[in-house]
Every structure is written in C-alpha cells, then in structure tokens.
Amino acid sequence: MNESGADIDDLLGRMTLAEKIGQLNLLPAGEGLVTGAGGGSRLAERIDTACIGGVFGTKSRASARSMQQRALEASRLNIPLLFAEDVIHGHRTVFPLPIALACSWDMELVEETAAFAAGEAAALGIHQAYAPMIDVARDPRWGRVAESPGEDPTLAARYAAAMTRGLQGDDPSAPGRVAACLKHFVAYGAPESGRDYDNASMALEDLFGAHLPPFEAGVRAGALSVMVAFNAVAKLPMHAHEPLIEGWLRGRIGFDGLVVSDYTGIKELTAHGLGRPETVVARALHAGVDMDMVGEDYLEHLPALAEGGIDDAESGTRFGASEIRKLVDRACRRVLTFKARLGLFDDPFRGMPEGSEPDVAPTAEGRALARRAAVRSAVLLKNEGVLPLGPDRRRIALIGPFADDRINMLGTWAVCGQADDVVSLRNVLSDRPGIELRCAEGCNVVEEPWLADRLNVFGPIVRLDPRPEEETIAEAVACARDADMVVLALGEAKEHAGESSSRLAPELPAPQRRLLEAVARTGTKLVVVIFAGRPLALGPVTAAADALLLAWHGGIEGPRAIVDLLFGDAAPSGRLAATLPAHPGQTPVFHAIEPTGRPSGGGFEKFRTGWLDLDDAATVFPFGFGLGYSAVRYGAPVADRLEARGEEESIEVGVDLTNEGDRSTIETVQLYLSDPVARVTRPVRELKDFRRITLQPGETGHVRFTVTAAMQRYPLAPSLEEAAFVRDPGRIIVHIGPNSRDTQALELTWHG
Ligand code: BGC
C-alpha cells in the first residue's frame, strides 16, 4: 500500500506488459484529442488504446477533463492520466523570470509566487509542474540563465527548496498544489561555450560542489519528481547516466520519486552516438528514466526488448529479456506511485470539476504579489543622486524599443502569459499625475532581419521599423533634449534568452548601443532601465547612465514595479544572483573562482591570470551586488570565539548595521567562507549563508550567522562512486558584507 491507499503491488500484478509500457509514455496535449475534420490525433489514439501515462501542456480544464474521462474508459484497470505543464515563473499571472526572483534573495517571496502559480495551474487540472529549474548557470551566453536561480549553489539550493515547498505545500495531493519536478538533472547549466544542449566537461569536484547541491536540497524538501537534462556529463549523456540517476540521485540521496525524460531526450541518445533506437531505450530505462516524454521510443521498442532482450556489441549494451521486464516493472511502479502520491487514484478528476472553465484572468491579489515580486527582483546598479525622481523631474522623455512594450515583459517560458495582462512602461508613466511625457522608440531591438525572424519564432515580439536609424535616433535625441530627464528602456526581447537562445556576446544589441550613445550626448540626466533574460556586460551603459536599473523581464506587473522604484514609492532591494561581466567576452564569470599561481597583483604584472585587453578599471558588478536608496554602514564583524574543534562545535559571528539614510531599507547581509589551505585548490570564497534585514532610518540592527563544521566541507572525487566531502583542520576566513566583493574578514581556527 502507498500513502494514498492505492495498492500498487496489486495493480502492477494485474497489468499486462503492454499496459505497463503504456504508463511510461508521456505526450504533449498539442491540439487535444481530435485534429479536426473528424480525424483522431495521435494523442487520442494513445488514450483510446491505454498506451499513455501522462499528458503535458493542457491549457483548459475542459480538455483535461475530457482526456481523463476517455482515458479512464479506455483503461481496463481505471488508471488515470497525469497532467503536467511548464509552470516556470507563474502561470497566467506571470511573475519575474527565475533569475530575477533569485535576485530578491527572498525565499518566502519565491515560495509565495510558486504557491500562487500552483493554485492557478491546479485549477486547470494540472498535477505536476516542470519546475523548479535549478541549473547553476555561470555562463551568461547560455540562454536558459533566464530560467535559473543564477551562479551560486547555496542560493540555488535555497531557491530549490523554496520553490518545492511553494508548489507542493505540505501535501502535494491537496487542492491548489502540484508536484514539483526538479530540472534539469544535471549540469545542464554548464554547456561547452554556453551553447544550449552542449555537453558539460568539468572536474567531478565541480559537479559535487556546484551542480548537485540544488538537487539534493530539492529532494530533501520533498520534490516528487526530477527531469533529466539533454546534455552529456563527463562524456555520458544524462538520459543514459545510470551512475548519476540510479547511483547518486536514488542511491546516495535517497530520492524515491519519478524521473522523466526531457522532450525526446531518449531518442536523442542515438544522435549522441550511443547506438540504435532499441539500444538507447534499454540504456535509458536501465539508467532510471521512468517516463519517455514525446519520443514514444519506449512504446515502440520495449515490447520487443521485453521479449528478446538486447545484445548490441557495437555499443557494449547487453540486457536479457527478464532484466528488461524487471526494469519495466520498476519504472511502471514509480509512475503509479507518483500518481498515487498525487491522490489521482482517489480522485482522477482532481482540479477539474464538471462545469464552466475557471476565470483565470489575473486577480488583484495575484497582481499585488507580482508587483511586489518585480519590485524585489530589480537590481539598482548605479545611482548618481538622480533616483528616486524628485518633483523637479516632471518633463520625462521615455525612449527605447521597450518603452511601450508589453509582450517582452513576460519573459521566456510564460506558456499561459498574455501580453494583454501587461501595462507598458509608457502607459504606467502616462497615468501618473503631474508628468509631462514624451516618447520615442529610438531604434529597433535588433538590426538583422534574420535574427528578428528567429526571435519571432513563437509569434511576433520584435518589429523592425523600416525607417533609417539616423531618423529614429534623431527623433529620440530631440525628445531627450526637450526633457528634464530621460528614461531609456533598453535590453533583450523575451526570446533573446531561453531555450536554444544562446548568444555569442551577452551585451546590448548594436542599435541600442548607438541609441544610448546619441541620447547620452544630449547631456540630459539619464536613467537606463534594462530588460533582460541574462546577465549582460553593461560597461558602456554604466559609463553613460546617471542611474542604472536592471529590471530583467519582470512579468505582468514589471513596468508598474519600475515606476514604483523610479519615484521612490518602493525602494530597490535586489542583489545580483549572477555576476555581470565587464566585457561580453569575459565568460564564464562567477565569484567562486579558484586561485591560480599567477593572480593579478601578484607581482607578475603581465604574466597573470586574466585578459590582456580587459582594462582593470572596467566595471564588473559582483555577485550579490545591489544598491538601495539608503546607505547602510557595516560595523566590524565579531565572533563569540575564534577557535573551535570537531564536527559539533560552531562559532557565532555577527555584524552591526546602521541605516544612515532617511528611508526604510532592506539589506541582504552575506556570509562567505574561504579555506586558505586545503588538499586541493578551493574557491577564493563561497557563499554559505545570508540574511535579509529591514532597517528604519537611523536604526542599527544586528545580524548573526552560525559558522559550522559542515559549511567547511568540500568534495574530493576520484570517481563518481568514491566522491566524498572532507574537511581539513586549520584556518578558515569568514567574509561578511553586502556583496561578494566588498566584505570584511575575520580569521577563525578549527582544530581537527
Ligand atoms: C525543456 C524542458 C521542458 C520541456 C517540456 C524541453 O524542451 O528543456 O525544460 O520542461 O521541453 O516543455
């Protein structure tokens, strides 16, 4: 018996081989049950022959209900379908991108947005969200940075747990909750040269130290499912990675939920070079991939494999028929257990009662949450005394290709998002009393027609103005000259970042750089707002702007949140979840780098680790960085003692903070550790903990951290199987500060 009372052993015992294999098949809803003109779709055929376990991408309760009804009628044993969907950053109520939400460093907020999205998805009959995406991403060229919680494993692990709690609550089968699906397992965020889908080659220590910890945190938070990544890790494609799926995830971490493939990921093992279709099916099933998304390779090849086994000398794959049958049973049991955990045997129509469609339009409550989330996610990077805008800045020139944009505010992977739910920056500003607003687009988002076509692949999101650029820029310049203040809305379109949207150079597209230069030359005070899905190199923008706000793609309330921040109705509190490079060629880029024998400033002025042609003065915005509207003074960090011993002891370190400004502010205090001497080279510093504290004007607060032995452990991995976390006695340096660069240090000693 399992948690829901369904007797899985009994059910499995009564199922035929074909029924079991059917459960392993997962298809997209596509056009639904019928393709029109009376023809049955592939999906309908699979449902009618009980050859399917789940469907993803349903967009209405009625379609989910009709599929469920038909599936139950077709299934001899009344096994319900499972409905999944990509619920990445909100559902119909679109919240800021994950990379933006991570910049809030506010895990309660992350949890709240996930819980809200779960409620919206569950109301459409969805049982499983393909989220959270928890790939640690350190290369801003990679487009899926947008969906990730950024570069740091500690922040990503907290985010993984918060999202999982938000989606699942205490009981994923309760109304308004859905199962989480941790993805993409694993190291999908570290593709070669930042090219999506490319393979990850890394030291196993990096795998254990940076990429696996968010998955462990998600599993510990109770996530019921995991999705496997498209890429290969250490030469073995993840869909065949038995040592990581069955070995690490299930064996070492104790995950006992469902593992799904990514979209046609099993089939793609053949293109990876692992062999014939039937060979790769056997390998994926053996590796622990329970459900086959879209490819139908399990459906096609498992019946014959279960009869005759496989002996493929070319790829070294050999499984007997009985072994395959056992593996089918194993996968099917996991699918059924997953369904039982979601209460689907008790109530197959969960979340899809008969009757009218729910009204899914964003509610006032959802909008308020989305606005708060967008306020907290935006990162103020520079402010030379212009923000918040004072009463002397009334004549505002709003310029740029995103000034009057709605659809791009949604960001990538907003599968239910609607442009109509967004109010553009122009509309929000023009609704604000006492402002004289003039507007100009100034330039196109990109200049290359072929690139515009690629960006428009899912529908029109960028439009190329056929007028010569000199004309549009001249219009913008005239508009800027005539104003007290320019707000320049620049950045990336929503599909600039996202799946298969890697960019050669993470920077503003060329037309926007030209616009910036021309507008900056007018000398009118300049506030630049950047909409983006990845960390961009913002050197020239920083130099030209009086104030610079990184707003990411902020969701349906993004523009309202920006105006709240510009006018000081809210104060900025976001902190970078990923380093912004000084130059687009400076990739990968992240704070937890390792020391080398030839550091900069180490006495070898030319022979040092770095780039010959990168100016030392070029601006890097470090991980953890972000400004507020109040200056916060940090006192010297203090420890309750300077020495400790063994696994159980700990040291309390703390710091006083004083809000020296005249506004309430939220400060994110960050704790980093470094281990100056170890058995192997260790990162110069690693984030271990953080606390957010609200300080009223003039208030002094105190933040305390507990430094533990566990925080000092690091991986040594001669092989996957032998990987272990170790700790050495000796010095530990604690760094406390407002970001990963501007910290104060304290030396501790751990004896043994
Ligand atoms: C993506 C996944 C997503 C799946 C289903 C794939 O292309 O990599 O993240 O969940 O499609 O939409």
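Structural data are supplied above this passage.
This structure is a prediction, so every number in the text was calculated from the model and none was measured.

Draft legend 1. The arrangement of the sheet that holds strand β8 (residues 225-228) in detail. Sheet architecture is open: three strands sit in the order β7-β8-β11, paired in parallel fashion. The sheet is open, and its two borders are formed by β7 (181-185) and β11 (258-260), each paired with just one other strand. Each strand of the sheet is rotated relative to its neighbour by a mean of 25°, with strand direction disregarded. Of the strand pairs in this sheet, β7 and β8 are connected by three bridges, and their pairing is parallel. Residue pairing for β8: Phe185 is matched across the bridge by Val228.

Draft legend 2. View of the site of the ligand. Lining the immediate environment of the ligand, one finds 13 residues, of which Asp86, Arg144, His184, Asp262 and Glu499 sit closest. For the ligand, an oxygen atom lies 2.7 Å from a polar atom in the side chain of Arg144. At 2.6 Å, a side-chain N or O of Asp262 approaches an oxygen atom of the ligand. Classifying every residue of the shell around the ligand by side-chain character gives seven nonpolar, one polar and five charged.

Draft legend 3. The arrangement of unusual backbone geometry in detail. Cis rather than trans, the peptide bond between Lys183 and His184 has omega equal to 0°. Secondary-structure assignment places His184 in strand β7. With a phi close to 60°, Glu296 is a non-glycine residue in the positive phi region. Within the fold, Glu296 resides in the loop between β12 (292-293) and α13 (297-308).

Draft legend 4. Just the nonpolar core, in detail. The biggest cluster of nonpolar side chains holds 210 residues, and the ones touching the most others in it are Phe185 and Ile530. Discounting chain neighbours no more than four positions away, the residues touching Ile530 are Leu490, Leu508, Leu536, Leu538, Val541, Leu548, Leu549, Leu550, Ala551 and Trp552. Counting residues in each nonpolar core, the second largest holds 23 residues, with Ala644, Val653, Val655 and Trp750 among its members.

Draft legend 5. Broad picture of helix α6 (residues 107-122). Taking 1.5 Å as the rise per residue, α6 with 16 residues should run 22 Å; its terminal C-alpha atoms sit 22 Å apart, in good agreement. Along α6, the residues classified as buried are Met107, Leu109, Val110, Thr113, Ala114, Phe116, Ala117, Ala118, Glu120, Ala121 and Ala122. The inward-facing, buried residues of α6 contact α5 (98-102), α7 (153-168), α15 (364-377) and β26 (686-695). N-capping of α6 is provided by Asp106, with a side-chain oxygen placed 3.2 Å from the backbone N of Glu108.

Draft legend 6. Broad picture of the packing of helix α12 (residues 277-287) against α13. One can describe the packing of α12 onto α13 by two numbers: an axis separation of 9 Å at closest approach and a directional angle of 90°. With respect to each other, α12 and α13 are oriented roughly perpendicular. Contact residues: α12 offers Pro277, Glu278, Val281, Ala282, Ala284 and Leu285, while α13 offers Asp297, Tyr298, His301, Leu302 and Leu305. Split by residue class, the contact of α12 with α13 holds eight nonpolar, one polar and two charged.

Draft legend 7. Summary view of the sheet that holds strand β31 (residues 744-751). In space, the five strands of this open sheet follow the order β23-β31-β30-β25-β26, with mixed pairing throughout. Whereas interior strands pair on both sides, the edge strands pair on one side only; in this sheet they are β23 (643-645) and β26. Across the sheet, the axes of successive neighbouring strands diverge by a mean angle of 25°, strand direction being ignored. Note that strand β25 (residues 665-674) and β26 share nine bridges and pair antiparallel. The residue bridging Thr665 from the neighbouring strand is Leu695, located in β26.

Draft legend 8. Looking closely at empty space enclosed by the protein. Scanning all chains against the criterion turns up five cavities of 30 Å³ or more. Its volume calculated, the largest cavity comes out at about 120 Å³. Breaking the lining of the largest cavity down by element, the ones donating at least two residues are α2 (17-23) and α4 (61-74). Residues belonging to the lining of the largest cavity are distributed by class as follows: 10 nonpolar, two polar and two charged. Looking at the second largest cavity, its volume works out to about 90 Å³. Around the second largest cavity, the lining residues are Leu673, Ser674, Asp675, Arg682, Pro683, Glu686, Lys688, Met711, Gln712, Arg713 and Ile732. Put simply, the parts of the chain that give the lining of the second largest cavity at least two residues each are β25 and β26. In terms of residue class, the lining of the second largest cavity is built from four nonpolar, two polar and five charged.

Draft legend 9. Structural detail: the packing of helix α8 (residues 204-211) against helix α9 (residues 213-220). Contact pair α8 / α9: the axes reach a minimum separation of 5 Å and the direction vectors enclose 40°. With respect to α9, the axis of α8 lies oblique. Contacts between α8 and α9 involve Leu207, Phe208, Gly209, Ala210 and His211 from the former and Pro213, Pro214 and Phe215 from the latter. Of the residues belonging to the contact of α8 with α9, the class tally is six nonpolar, two polar and no charged.

Draft legend 10. Summary view of the pairing of strand β20 (residues 547-550). Residues Ala547 and Leu549 of β20 are buried on one face, and the alternating residues Leu548 and Leu550, pointing to the opposite face, are buried as well. Direction of pairing for strand β15 (residues 379-383) relative to β20: antiparallel, over a ladder of four bridges. Each residue of the ladder has a partner; that of Lys382, found in β20, is Leu548. Here four bridges tie strand β19 (residues 525-531) to β20, and the two strands are oriented parallel to one another. In the strand pairing of β20, Val528 is matched with Leu548. For the crossover that starts at β19, traverses helix α20 (residues 539-544) and ends in the parallel β20, the hand is right-handed.

Reading guide: rules and limits
- Counting from 1, residues in each chain are numbered in the order their sequence is written.
- Selection of residues for local features in this predicted model requires a pLDDT of at least 70, selection of side-chain atom pairs for listing and counting requires 80 or more, and totals for whole chains, interfaces and linings are taken over all residues.
- To obtain the side-chain values, all non-hydrogen atoms of the structure were included, while hydrogens and water were left out.
- Two strands pair if DSSP finds at least two bridges between them.
- Put simply, DSSP H or I for four residues or longer makes a helix, DSSP E for two residues or longer makes a strand, and each gets a number counted from the N terminus.
- Lines fitted to the C-alpha atoms define the axes, with helices restricted to the stretch that makes contact. Angles between their N-to-C directions range from 0 to 180 degrees.
- A molecule or strand has a residue near it when one of that residue's heavy atoms lies within 4 Å.
- A 3.5 Å cut-off defines polar contacts: any pair of N or O atoms within that distance qualifies, except that in protein one atom must be a possible hydrogen donor and the other a possible acceptor, and neighbouring residues in sequence count only when both atoms are side-chain atoms.
- Throughout, the ten residues Ala, Val, Leu, Ile, Met, Phe, Trp, Tyr, Cys and Pro are labelled nonpolar, Asp, Glu, Lys and Arg are labelled charged, and all others, Gly among them, are labelled polar.
- By nonpolar core is meant a set of buried Ala, Val, Leu, Ile, Met, Phe, Trp, Tyr and Cys residues that side-chain atoms within 4.5 Å join together.
- When a residue's accessible area, from a 1.4 Å probe over protein chains only, is under 20% of the maximum for its type it is buried; when over 50% it is exposed; and in between it is partly exposed.
- We call two residues in contact whenever any of their non-hydrogen atoms come within 4.5 Å of each other.
- The length a helix should cover is 1.5 Å for every residue beyond the first.
- Here is the rule for angles: anything less than 35 degrees is roughly parallel, anything more than 145 is roughly antiparallel, 65 through 115 is roughly perpendicular, and the remaining ranges are oblique.
- A cavity here means a set of 1 Å grid points, computed over protein atoms only, where a 1.4 Å probe fits but cannot escape. A pocket is an open set with protein on both sides within 12 Å along at least 5 of 7 lines, and lining residues have an atom within 4 Å of a point.
- Grid points are joined across faces, edges and corners, and a volume is the space filled by probe spheres set on the points.
- We call a crossover right-handed when, viewed with the strands running away from us, the connection from the first strand over the helix to the second turns clockwise.

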